[in-house]
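# Residue-level structural notes
Below are the chains, spelled out letter by letter.
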Amino acid sequence: MRVIERLGTWFDERLKLGTVLRETAGHPVPRETASWFYVFGSAALTVFLLQIVTGILLALIYVPSAGEAWNSLQLLNHTVPLGWFIRALHGWGSNFMLAIVLIHMVQVFLFGAYKFPRELTWIIGVFLLLVTLGMAFTGQVLRFDQDAYWGLGIGASIASRVPVVGPALVNLLLGGPIIAAATLSRFFALHVFLVPGLLIAFVGIHVLLVLKLGINEWPMPGRIVRKATYVREYQELTHKRGMAFVPYGVWKDLFFSGFILLAIAACALYFGPFGPGGQPDPTIIQTAPRPDFFFLWIYAVLSFLPPAAETPILLIGPIIAIVVLLALPFVAGEGEKSWRRRPIAVLTILVLAVAMGTLTHLGEHTPWSPVMNAWSSLPMPAKALQGRTALERRGALVFQAKQCRNCHSIGDAGGKRGPSLDDVALRLTDDQLIRQVIQGGGNMPAYGKNLSPAETTALVAFLKTLHPARQAPARDASRRVAFQTGGEESTSTQP
Amino acid sequence: MSALAGLPRPDDEKVPAPKEAGMTRRAMLFKLGLLFNGFVAAALTAPIVRYLLAPAIRGKKTGYESWLSLGSLEQFPPGQTRLATFRNPVVSSLDGETADIPCWVRNVDGHSFQVFAINCAHLGCPVRWFPQSNLFMCPCHGGAYYQDGSRASGPPERGLFQYSYKVEDGKLFIKAGEMPTPGRAANTAGGKSRCV
């Protein structure tokens, strides 16, 4: 023990860090902040350290070359001992890091931690969120498979919509005219050098600010933040009734961080690494590209925006969101901190959570996408065919062969792009069915040029049978009048 | 902490700055040194910026596009739409399979053609051709196009991108080299076929 002590003294006489470290560790914090609600920031930092370590380990094998990257990922997965585990740790670490950063952000928002004097801590935190998202996106590109390839195409298409400089921006983003070697190299440089550099710098400032300004005190309803009095009140909380961060507060951070690392390792062991998916060969077009979990909500938004509003919303929306986040501490820098007295803040979080959750759920199920193989692989339910005439059955054949099933479901199977047709005969009369098939409209292509009159007749005859057994199909009232005044009910298929 | 208060702090060891009025020789040398480094930085910035902007500048000056062959016309029977692939003209040995680009070739009537980019006009996903319903469908956000490339439904604002084409010596040539994107639509033939 004496040797260790003497070594310690030897180093401290030269480094002069002992005092600073002891002061930092022992700095007093408000008593109530030793809480399980205050562990997310340190957990995010821990996961970031894990990402650095596993990232460096992956870089030992990974080849950032468009022609080789996919093969080197296969090598990691299948040949290098435990390569799959390191990939899985890095992939799950990424998901956990984003999740924890988001939870941390929600917590400090609801606890009013962004208010005076911690405005800058919040702003750096917003930068940290953006940089973490940047790491997730660039990392997804390095997993150079089909999803990465076409995901880059989506990125380029969005960048190209920027007025004036759009096309030049695409070339800069891709490093050339197409998604190729230069593209992967620059995303490698971003993911491994530039963005982590920013991340380390921002984390450093963020933690320094937390230490300098002190951790946000537990918000009490009615304890109002005022610039004139806050610092004195906080001093009282820390120095009169506070306690040393080490060891009174830190043990919860330690346990939670360890638990998170264990959880990441468990996920990595149980679920394994993410991909890579199919080879990044653009000539293999039998693919349905999808982004990673945390970008699914954007993927969903992109399919719901009306075409005319899409470009402005895509380009201006993120800027507005960032400006709102940055402006928050200046707009609401004083006042009530407790979420119990801030209903709008709580409501905002709830609305955002429900919206993001719903969009992510939709992004997982992509109801807006045609099911590309529904027409050739799904059986027609027996009840839609039993007791039908030859013409109606031919219509069912036309329905499958012309890929109507890719967008319309029958018997709960098929695409969800268009409405389900299980009871279409209740909604549309003969004439309306014919018009809809031939002219399309309401986001449906027109099939007039692709169907012969005989095929249209058969198809509409089949669609007319699609209604519940005890409900009569829709009928045109004028038809009955025409029928009563002597004319015969026509089943003409002419538009 | 109070026990540590007696220890000397680094702040106490500050060297007092000279309090002479006006421009001293050392102050001037210091400023000249800053200026000198500023000049060097500016001189180094120019080549760095040029290096970074290279992909965009090349695209503007000489362009990435050139005529390349998709093969003999016999591969594209009249009235049909077929997938063709070409090697991108601007290519490096590192590109691997990513430089093989697919496109859809439609032989309209044996004389005129339409060559569509594989990329959906919405966000660039690969569209698939369905000859049974004569539609192109996109797997990402559900865009659909008619056989002539015009928009049928879904989020795309316009029809499929088209490459300019020409027929020489029984071969089909297209002008390609750059990934078509909505913002670059002006460089690619618009809704109508363009014969050069």
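### So, the interface of chain B and chain A
With 52 residues of chain B at the interface, the matching set in chain A holds 56 residues. Taken together, the elements giving at least two residues each to the side of chain B that touches chain A come down to α1 (25-61), β3 (100-107), β5 (128-130), β6 (135-137), β7 (144-146) and β8 (151-153) of chain B. Residues belonging to the side of chain B that touches chain A are distributed by class as follows: 27 nonpolar, 18 polar and seven charged.

### A word on the nonpolar core
Of all hydrophobic cores here, the largest spans 107 residues; its most connected members are Val47 and Ile100 of chain A together with Cys103 of chain B. Ile100 of chain A has contacts with Phe40, Ala43, Ala44, Val47 and Ile260 of chain A, leaving out every residue within four places of it along the chain. Counting 22 residues, the second largest nonpolar core, distinct from the first, contains Ala396, Val398, Leu421 and Leu433 of chain A.

### Focus on the sheet that holds β8 of chain B
Residue and element names in this part refer to chain B. Across the sheet, which stays open at both edges, the four strands sit in the order β5-β6-β7-β8 with antiparallel pairing between neighbours. Looking at the sheet topology across the chains shown, the edges are occupied by β5 and β8. Shown here is a sheet whose adjacent strand axes are inclined to one another by a mean of 35°, direction ignored. Direction of pairing for β5 relative to β6: antiparallel, over a ladder of three bridges. Note that in β6 the partner of Phe130 across the bridge is Leu135.

### Points about the pairing of strand β11 (residues 171-176) of chain B
Residues and elements named next belong to chain B. Extensive coverage of β11 is indicated by the burial of five of its six residues. In the sheet, strand β1 (residues 66-72) pairs with β11 via five bridges, with the strands oriented antiparallel. Within the sheet, the bridge partner assigned to Ser66 lies in β11 and is Ala176. Here four bridges tie strand β10 (residues 165-168) to β11, and the two strands are oriented antiparallel to one another. Bridging across to β11, Lys166 finds its partner in Phe173. Between the antiparallel neighbours β10 and β11 lie two residues, among them Asp169 with a positive phi of about 50°.

Parameters and conventions
- Residues numbered from 1 in each chain as written.
- Chains lettered and ligands numbered in written order.
- Predicted model: local features only at pLDDT ≥ 70, side-chain atom pairs only at ≥ 80, totals over all residues.
- Contact = placed C-beta atoms within 7 Å.
- Helix = DSSP H or I, 4+ residues; strand = E, 2+ residues; numbered from the N terminus.
- Nonpolar A, V, L, I, M, F, W, Y, C, P; charged D, E, K, R; others polar.
- Core = buried A, V, L, I, M, F, W, Y, C linked by C-beta atoms within 7 Å.
- Buried ≥ 20, exposed ≤ 12 C-beta atoms within 10 Å, placed from the backbone.
- Pairing = 2+ DSSP bridges.
- Axes fitted to C-alpha atoms, helices over the stretch in contact; angles between N-to-C directions.

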